[in-house]
Structure formats: C-alpha cells, structure tokens
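Breakdown of the fold
Each chain, letter by letter, is given below.
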Amino acid sequence: MPVNDENKTLTILGSTGSIGTQTLDVCRMHGYKVKALTANSSTDLLEKQAREFHPETVCVMNEGAYADMKERLADTGIKVTCGKEALCETAAIPVDMVINAVVGMVGLEPTLAALNAHNRVGLANKETLVTGGELVKAAEKSNNVDIVPIDSEHSAIFQSLMGNSQNKIEKIILTASGGPFFGYTKDMLRGVTMEQALHHPNWSMGRKITTDSATLMNKGLELIEAVRLFDVTPEQVEVVVHRQSILHSAVEYEDGAVIGQLGVPDMKIPIQFAVTYPRRLPSCSRKLSLFDVGTLTFERADEETFVCLAEARGAIAKGGTAPTVLNGANEAAVAAFLDGKIPFYRIGELVSACCAAVRYTAEVTLGTINDADRAAREYVDKEIQKGE
Ligand code: NDP
Ligand code: MG
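The model shown is predicted, which means the values in this text are computed figures rather than measured ones.

The strand order β4-β3-β2-β1-β5-β6-β7 describes an open sheet built from seven strands, whose pairing is parallel. Edge positions in the sheet fall to β4 (79–82) and β7 (147–149), since each of these pairs with one other strand and no more. Strand after strand, the sheet turns through a mean of 20 degrees between neighbouring axes, direction not considered. Of the strand pairs in this sheet, strand β1 (residues 9–13) and strand β5 (residues 97–100) are connected by four bridges, and their pairing is parallel. By the bridge assignment, Ile12 is partnered in β5 with Ile99. Relative to the sheet, helix α2 (residues 43–53) contacts β2 (33–39) and β3 (57–60), its axis offset from that of β2 by approximately 170 degrees.

The next point concerns the coordination of the magnesium ion (ligand 2). Summarising the metal site, the magnesium ion (ligand 2) is bound by the protein donors Asp151 (OD), Glu153 (OE) and Glu222 (OE), whose distances to it range over 2.1 to 2.2 Å. As a motif over one chain, the donors of the magnesium ion (ligand 2) read D-x1-E-x68-E. Pair noted here: Asp151 is in the loop between β7 and α7 (152–161) and Glu222 is in helix α11 (residues 217–230), with a separation of 71 residues, a long-range link. Residue Asp151 is classed as buried on the basis of its relative accessible area of 8%.

Taken together, 24 residues sit near ligand 1, with Thr16, Ser41, Ser42, Glu127 and Gly206 positioned nearest. Take Asn40: an N or O atom from its main chain is 2.9 Å from an oxygen atom of ligand 1. One nitrogen or oxygen atom from the main chain of Ala124 is found 3.4 Å from an oxygen atom belonging to ligand 1. When isolated, ligand 1 has an accessible area of 900 Å², and the protein chains bury 86% of it. Split into classes, the residues belonging to the shell around ligand 1 amount to eleven nonpolar, ten polar and three charged.

Counting 111 residues, the largest nonpolar core has Leu326 and Phe344 as its most contacted members. Once you skip the residues sitting within four places of it in the chain, Leu326 turns out to touch Met217, Leu221, Ile224, Glu311, Ala312, Ala315, Val351 and Cys355.

A word on the packing of aromatic side chains. One pass over the structure, following the stated rule, counts five aromatic pairs. Between Phe181 and Phe344 the ring centres are 5.1 Å apart and the planes differ by 70 degrees, which places this aromatic pair in the edge-to-face class. Of this pair, Phe181 sits in the loop between β8 (169–176) and α8 (186–189) while Phe344 sits in the loop between α15 (322–338) and α16 (345–357); the two residues are 163 residues apart in sequence, bridging distant segments of the chain. Phe344 shares its class with Phe181; the two are buried. Through a chain of ring-to-ring contacts, the aromatic side chains of Phe181, Tyr184, Phe337 and Phe344 assemble into a single cluster. The cationic tip of Arg190 hangs over the ring face of Tyr345; the distance from NZ or CZ to the ring centre is 4.1 Å.

Next up on the list: the pattern of salt bridges. Oppositely charged side chains can form a pair if their charged atoms are brought close together. Following the criterion strictly, the structure yields 29 salt bridges and no others. The residue Lys219 makes a salt bridge to Glu153 at a minimum N-O spacing of 2.9 Å. Linking Lys219 in helix α11 with Glu153 in helix α7, this pair joins segments that are 66 residues apart in sequence. Judged by relative accessible area, Glu153 falls into the buried class, the value being 9%.

Across four bridges, the pairing between β3 and β4 is parallel. What sits directly across from Thr57, in β4, is Lys79. Each parallel crossover has a hand, and the one from β3 via helix α3 (residues 66–72) to β4 is right-handed.

On to unusual backbone geometry, then. Of note, the bond from Tyr277 into Pro278 is cis; its omega dihedral lies within 30 degrees of zero at 5 degrees. Positionally, Pro278 belongs in the loop between α12 (268–276) and α13 (290–293). Although it is not a glycine, His54 sits at a positive phi angle of roughly 50 degrees. Following the sequence through the fold, His54 ends up in the loop between α2 and β3. On the basis of relative accessibility, which here comes to 53%, the residue His54 falls in the exposed class.

Criteria and cut-off values
Residues numbered from 1 in each chain as written. Chains lettered and ligands numbered in written order. Predicted model: local features only at pLDDT ≥ 70, side-chain atom pairs only at ≥ 80, totals over all residues. Heavy atoms only, no water. Pairing = 2+ DSSP bridges. Helix = DSSP H or I, 4+ residues; strand = E, 2+ residues; numbered from the N terminus. Axes fitted to C-alpha atoms, helices over the stretch in contact; angles between N-to-C directions. Contact = heavy atoms within 4.5 Å. Donors = N, O, S within 2.8 Å, 3.2 Å for Na, K, Ca; no water. Buried < 20%, exposed > 50% of the residue type's maximum accessible area, 1.4 Å probe, protein only. Near = heavy atom within 4 Å. Polar contact = N/O pair within 3.5 Å; in protein donor to acceptor, adjacent residues only side chain to side chain. Areas by Shrake-Rupley, 256 points an atom, 1.4 Å probe, with all protein chains shown as cover. Nonpolar A, V, L, I, M, F, W, Y, C, P; charged D, E, K, R; others polar. Core = buried A, V, L, I, M, F, W, Y, C linked by side-chain atoms within 4.5 Å. Phe/Tyr/Trp six-rings, centres within 6.5 Å; stacked < 30°, edge-to-face > 60°. Lys NZ or Arg CZ within 6 Å of the ring centre and 35° of its normal. Salt bridge = Lys/Arg side-chain N within 4 Å of Asp/Glu carboxyl O. Right-handed = clockwise from strand over helix to strand, strands pointing away.

The structure is reproduced here in structure tokens:
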C-alpha cells in the first residue's frame, strides 16, 4: 500500500545527473525526505544538494572525489562513503523508493541490492535491464517488490497496462523521436559533429543517452528494456518514429484497441508518477495542448543506416549475455566518441564488429555478465587503438 506522500523517503542514485536533478525537483515540490544521494565525481553539485536535502548518507563512486567530499561535508554530520560496494549499501538503506538514475551498467548491482533489501525501485537506468534483466526480474519477484519504470516510453507502457492485467498484450508500440539525424544517409552521418550529435530535438538529457538517441541505440536498448519489463517477445515490439515526442508509447490489445499515454516531453512526469504510483498528484510540468501540437506523425526507422537498432534486435534474439556484449561495446564506443577519439559513425561500426566477434554465453549470472562486459570493452578499446 502506498504511504502518505508527504512522508515518503527516497534515495537517489545519480542525483547530480539529468534525471537525478529532476527527481530532486519533484522531491522539493512534494516535500519528500531524501535519505541518500550519490554521484560519480560532481562534488560541487553533490555538496549543494546535500546541504539542501540533509540526507543521512552521501556516496561518491570516484575514489579521487572521496577526500574532497568528506571535507566539504565535515560540518554536517552526513556520512560520506565511496566505491561500488558503498553504492550498493546505499541502495539497500530502507526507503519507500530508490530512484536509480546512474548512467551505464554500473547501475545493475545497486538495482539488485535495492530489490534484495525490499526497496521499491524507480528505474531510469535502462542498462540495468539490458544487461541483467533476468536477474532483476527474478529479484523483483522473489522479494515481492515493484520496479516502476521511469524511462518515458516504458512509463507510458506501464500506464497503458494499468487495469489490464487480465488482458493479453498484442503489441507494444515503442515511439522514437528519431534523434537529430533522422532522414540522414550513411554518407551524411560521416560528416556529423559532436555538437550536432549532442543537440537532441525534444529532450535535454545526459551526454551518453543523448548520443544513444542520435545513433538510435537508445531505441535498441529500450526495445530490450520493454521485452524484459513487460514479458513480451522482441517481435511484439514495434518501433515507430514519432518526431514530436507527444505520444510516449502505447499498447495494442487483442481487440485492436490501442491505449497510449500522451503529454509534453518532460521527464518530471514519469519520475513523479514512479514515486506516486498508483496515485497521481499535481505536478509542475506544462500541460499538453493538442491545438499547439497540431500534427502527430508516425514513420518507420531506417535500421540499415542506424545499425545500432538492428544490432540490438540481434542481441535480444540471441539472448544470454549477448545484450551485455552489445551494451558494453556501446558504452566503450560512446565514451571514446565523447572523448573526441572517434567520429560519430564509428560507434555503429564498432558495435556491429564487437557483436559479431565477442562470444556470449547462454548462462546469465553476475559473473558471466561482468565477463561479457569486460570482453566487449576490451575488444572496442583494441579496435580504437588499431585505428580505422
Ligand atoms: P547523466 O549523465 O546526466 O547523470 C548520470 C548520473 O550518474 C550522475 O549523477 C553521475 O555522477 C552518475 N554516474 C556517472 N558515472 C557513474 C559511475 N561510474 N558510478 C556511479 N555513478 C555514476 O545521465 P542521465 O540522467 O541522462 O541518465 C541516467 C540514466 O537514466 C541512464 O541510464 C539513461 O539512459 C536513463 N534515462 C535518462 C533520461 C533523461 O532524460 N536524461 C530519459 C530516460 C532514461 P557525476 O555527475 O558525478 O558524473
Ligand atoms: Mg526513453
């Protein structure tokens, strides 16, 4: 049963990022108590957040940031911890909900730690489900706690499924903005700059997911996320490019009825809904005016040009640790792109080459996931060192 909203307690993993800061906006609006905050190395912002929200614990992942953070909060009585184990311990502190808003597959073990401590999880970190979906779903079931998706498409699907537990899903319509390079050819992609790639038409997000949106890997990861969350086959997920990002995704039922969720593109809506579910509360988000939007369009994605989406389909079809190989290759390639080491078009090439070359196993455990992730990253790093 949901507790009174005013008394809710939250832990925010990745509080200094795009989703993390918007979660704190929601906390500010509704007066939620924040028990713990975490970041990698953004000590300035983390200190500011800690002084405003007075959590019991603050955790930094980066060892180099630990001493600095301790010194900054020395006068506050807030406990400061560091490292992956500490991040998992933070996720296990009893709260009404852990929001997992870290970026990358480093979020998997904290998600499991939160579930195993019987904490509900508001999950933005999609890499958790792509790499360890089976483990996460098993932990959700065995601990009898909910995962509520925050990714806007999956929140829309989750909302479209409410009240329909008796009904079979025919199809999931997973909408995609198409990113900044929709309509580009392979040749055109060779000339794009980092600045163009980081300029998303509809959403303001962290650099990694913004790059994933430009390659369409984001939609590939989301396809796998949908398969994991909603127990459908990959074939039941239809990717539809919808440039306006107003219909956030939909579910088609056996009778042909399609139920979707619409709204302005603002992550505070799905973030707040994850926390207040199954209730809805007033929010500070703008309301949708269909008159202002005027036209909604729907088109097919070009998977020959945007190979990452096709690779994601291939990985989920193979199963086992194949999605982890895909994800590890992508994390390594995107990091290299954001470091200025490779051009944009190389991301897709490296992901494809890695998915073809690196072995995957059918068995999915934390051990096989970590091995697959390491092998994929090593493969990509070696290819980058070799040059083109
Ligand atoms: P950001 O890059 O903006 O923020 C990431 C957060 O994670 C920061 O707090 C960062 O700390 C922390 N972090 C980074 N690296 C590590 C690490 N190795 N260990 C622990 N913490 C780390 O990302 P977003 O908020 O954009 O995205 C977060 C997740 O949510 C991603 O999985 C993304 O795919 C998903 N998502 C995001 C959406 C969005 O609108 N932004 C929409 C839907 C899903 P620091 O500041 O110190 O680097
Ligand atoms: Mg999304």
